[in-house]
Amino acid sequence: MEAFKFVICLLLLWLPPLYAQKIIPAGEISGTVLDSASRKPLRMASVSLLHARDSAYVTATTTGGEGNFHFRKVAPGSYRLLITFVGYKNLSLSINVNRDVPANLGTLLMAEQGTQLNEVVIKQERAPVTIKQDTIEFNAGSFKTQPNAQVEELLRKLPGVEVGRDGTIKANGQAVNKVLVDGKPFFGNDPKMATRNLPADIVDKVQMYDQSSDQSQFSGVDDGDRERTINITIKKDKGKGYFGQNSLGAGPANGDQSARYEARLNVNRFNNHNGGPNRQLSVIGQANNLNQQNFSMTDGGGGPQFVGQPGGGGDGQIAPSNVTEVAALGVNYRTESKAVKWGKRAEMAASYFANRAVTTTDQQSRRENILPGQSFLTDQSNYSKNSLLTHRINGRFDLPIDSLTSLRFTPNISFQTKDLLSKNSSYSYRSLADSLNKGLNQYDLNGTGVNGYNNLLLMRKFKKEGRSLSANLNTLLTTGNTTAYNRSANTFFDTLTTIPGRERVDQRNAQDQLALQNTVTVSFTEPISFTKKLEFRYAYGNNFGKLLRNIADKSEETGQYDKPDALLSRNFANTFETNRLGATFQTRRLRYTFALGADAQLASLRPIDRSTDAGYRSQYAYLMPNALFSYTFRGNKNLRLQYRTRVVSPGITQLIPVADNSNPLNINIGNPALRPEYYHNVTLTFSASRRGGNDNLFVFGSFNQSNNRIGVSTRTDESGVQVTTPINTRGFMSGTGFVSLSKKIEPLHLSVNLSTQGSLARNTNMINASDNVTTSTSLGQGIRLQSDYNGRIDYGLSARVTYQQARYSLLSQQNMQYWSQYATADVHVQLPGNVAVTTDLTYTGNTGRAEGYNQRFLLWNASLSKQFLRTRQAEVRLQVFDLLNQNRSLVRNTGDAYIEDVRSHVLKRYFLISLVYNLRKFGV
């Protein structure tokens, strides 16, 4: 209810700006576009409506089968109509729209674009939105952004695109995991490196499409693995020169918080030749203690797995649950064409990026542990300081061997050094008069790790059109060497005699871990006809892992860790080997694609305990069918239905049959008898777009099912100590659904986006040898209103409410349900004298959680800036974070055998004054 009141207040707050935009009845514009010579209709011509005063984008559409177009609900005023069609001269008309009289322009004739034989330069104005089959292309110049804005702000203006506060991007409801610059990677596969470090005013076009794998793009047979991608192209006149944003800021200490600081380095040198990028050099740096990163911490690949450390984390967190101090520096270089000595068509891109992050976590939590017929509570306090130093090297090299053969080499490697200090205290009880245990645990870990990824693709075409041969080698490498010291003191209460027993642990845990996975895939395609094609493929995979764990207790006599613990130490290895043979038949027509195929896979799982010479070997045979159907309807509508199967092998830590007592009150033991997981997956997507991308509908649904999913078996003794072992379980199923509807309301100059999301999951695990069926559901509804920036004011309003519930078959009285509300408003006002005010207000609330863990609070941020110099490249900025000093983090985690509420210490109110300089020097 508070969230509803908050949204109503925000709506009332923005009523003056809405009235200022003169909400009056709308008019209409219609017409028909024909060829001036043949008088035939021009279908799919782009028709754009622009403001007469500054040619700012209003809306767009495409002509129908008869060459007709129609704009409805157009606010009265003066406009310019721009019609474009490939091979024809642009047609531009000035029109006035009245409230009572529809503007019927009748027949509009377009003349073909002719050129003389001598050299001639042709310049045409582009439409704001152009649809090219499955690609939507936006003309960046038609979407106004604030001065010195980054690409992220431009993306917020595009129809159907959502950008979260943490920099995550969604396009028509789908997450965007890859952002390219001129079709090439920029600092590897980290989207934030492009969206948060490149200025919006150098962008020429923004293209959105689903990109398939490199091997699939070459063979022409859709393998079903697609990734939502945004490609940013650079303006030709901005492609040669220097640009970037650099800043330096500081703020005073506040209470128990230290002084705040921020520094940013961003210098780019682009040099284009003949309209195409030849060399790009970028240097990016950052340092702050403000929980701000203009990069992804893991670059999409994750870091080395440090086995044996205490872990945990929530899902669905809106804000950080810790305080992070970062420092980063990187360089990106790309060159192509004649600049590469290996060949005229060769290309290369390479980047190096180093970052250090120190994360401090201070949390209190209450966990309700579920047992057959009863439950018990655990109150915990956890403090940790984690220092992580990462070096990342990314590359991509395209090398032509001859006119029909080429090689693509994509190496990525990261090196990490980690230091962790964790202190934990806990108290478990059935009631305040019935204690189970209490514990103190300190865990110190330091180590190094390496993550490597490489993709080597050999591509060979033949003289017969459509015939091809490709071989792909994919390699994944993870190594880690850690030394940890585990010190704990635990007290166990005898509930009958109330006489406590004590247990102390002081151990050194030295581990050496290796995981190496190689997969070779060979694909041969043979055309049957112009529209039909066969693909034959063979894949061999070898996934090898080993873990050497040496545990030693501290000797009271020597004070050294010289007492080996043979029961906890282990030398363990595992090999998962697969051979897969399959074929796919594909039919591709103008409007639809149909593919049907199957693979036969033989797999062997060979875990071996080298410490005891005990080995296991299991063999499995799988039939793995797949199917794909995609259809493009008239009027920019597309349907895609896909069915896939997959096999997932267990990890080495799930197989090793030795106790991990990093937390003596919660012990994990592996299971060497685990079988691989086999999943069925069905995915449905439907998208529809009208009026040049102003009205968009996106529907997504996914269903997963498995009868041998790896779950857990948990045993809890009378003193509350839990021992968890992975097991294969039956009856797993999960489904998710998402619907997004976006629409632009012309009279109000607003874009509206409605999104509905739901999920259902059913999973079976074991608690004290009894089956526990967990069923969890969630349903959420969101709305987002975003204004068109008119050079003076820009504002947005959003709200979301989510309902979640979990049901447990073993303890139905512990079934729970709760609500979460989230609402935010943001506004940017450009004042006279190059002064700007920016502010945002966020409300967060929830109900139905443990006592003391429900929350309702407001987070208010604001900034005041003054731009100066002749080109407004310099700026002085005053920022205030958490003006009301109410920021907090309360998160609920739900598991198969527990419900947990976590309260975290987070960054609170601070002030920061900064000097910003935007480097702009083009044509040199």
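No experiment lies behind these values; they were computed from the predicted model shown.

The rules behind each value
Residues numbered from 1 in each chain as written. Predicted model: local features only at pLDDT ≥ 70, side-chain atom pairs only at ≥ 80, totals over all residues. Heavy atoms only, no water. Patch = residues over 30% accessible without salt bridge, like charges linked within 9 Å, V, L, I, M, F, W, Y side chains within 5 Å. Areas by Shrake-Rupley, 256 points an atom, 1.4 Å probe, with all protein chains shown as cover. Salt bridge = Lys/Arg side-chain N within 4 Å of Asp/Glu carboxyl O. Helix = DSSP H or I, 4+ residues; strand = E, 2+ residues; numbered from the N terminus. Pairing = 2+ DSSP bridges. Axes fitted to C-alpha atoms, helices over the stretch in contact; angles between N-to-C directions. Buried < 20%, exposed > 50% of the residue type's maximum accessible area, 1.4 Å probe, protein only. Contact = heavy atoms within 4.5 Å. pLDDT = per-residue confidence, 0-100.

1. Focus: a nonpolar patch on the surface
Taken together, the side chains of Tyr242, Leu265, Val267, Leu281, Val283, Leu329, Val331, Tyr352, Ile393, Phe415 and Val924 present a nonpolar region at the surface, about 800 Å² in accessible area. Those elements that place two or more of their residues in the nonpolar patch are strand E17 (260-273), strand E18 (276-288) and strand E19 (323-336).

2. Observations concerning the sheet that holds strand E10 (residues 161-163)
Reading across the sheet, the 3 strands line up as E10-E11-E12 and stay open at both edges, with antiparallel pairing between neighbours. The strands lining the two open edges of the sheet, one partner per strand, are E10 and strand E12 (174-176). With direction set aside, neighbouring strand axes in the sheet form an average angle of 30 degrees. Two strands pair when backbone bridges link them, and strand E11 (residues 169-171) and E12 are joined in this way by 3 bridges, in the antiparallel orientation. Residue pairing across strands places Lys170 opposite Ala175, the latter belonging to E12.

3. Here's the deal with the pairing of strand E23 (residues 434-461)
Alignment of strand E22 (residues 405-431) against E23, held across 26 bridges, turns out to be antiparallel. In the sheet register, Ser425 faces E23, and the bridge partner there is Leu440. Here E22 hands over to E23 after 2 residues, the two strands then running antiparallel side by side. Direction of pairing for E23 relative to strand E24 (residues 468-493): antiparallel, over a ladder of 25 bridges. Within E24, the residue paired with Asn454 across the bridge is Thr475.

4. Regarding the sheet that holds strand E7 (residues 103-110)
In spatial order, the strands read E4-E1-E7; together these 3 strands make up an open sheet with mixed pairing. Each having just a single partner strand, strand E4 (68-74) and E7 make up the two edges of the open sheet. Averaged over all neighbouring strand pairs, the angle between strand axes comes to 15 degrees, with direction disregarded. Here 5 bridges tie strand E1 (residues 27-35) to E4, and the two strands are oriented antiparallel to one another. When the sheet's bridge partners are listed, Gly31 is paired in E4 with Phe69.

5. So, the environment of Val505
Relative to the assigned elements, Val505 resides in strand E25 (residues 500-527). Taking the relative accessible area as the measure of exposure, Val505 reaches 13% and is therefore buried. For the pair Val505 and Ser488, spaced 17 residues apart in sequence, the C-alpha to C-alpha distance is 5.1 Å. Setting aside residues up to four positions removed in sequence, Val505 forms contacts with Asn486, Arg487, Ser488, Asn661 and Pro664.

6. Remarks on the confidence of the model for the protein chain
Here the protein chain averages 83 in pLDDT, while 89% of its residues score no lower than 70. Here residues 299-317 is a poorly scored stretch, pLDDT under 50, and it has 46 contacts once near neighbours within four places are set aside; other chains count.

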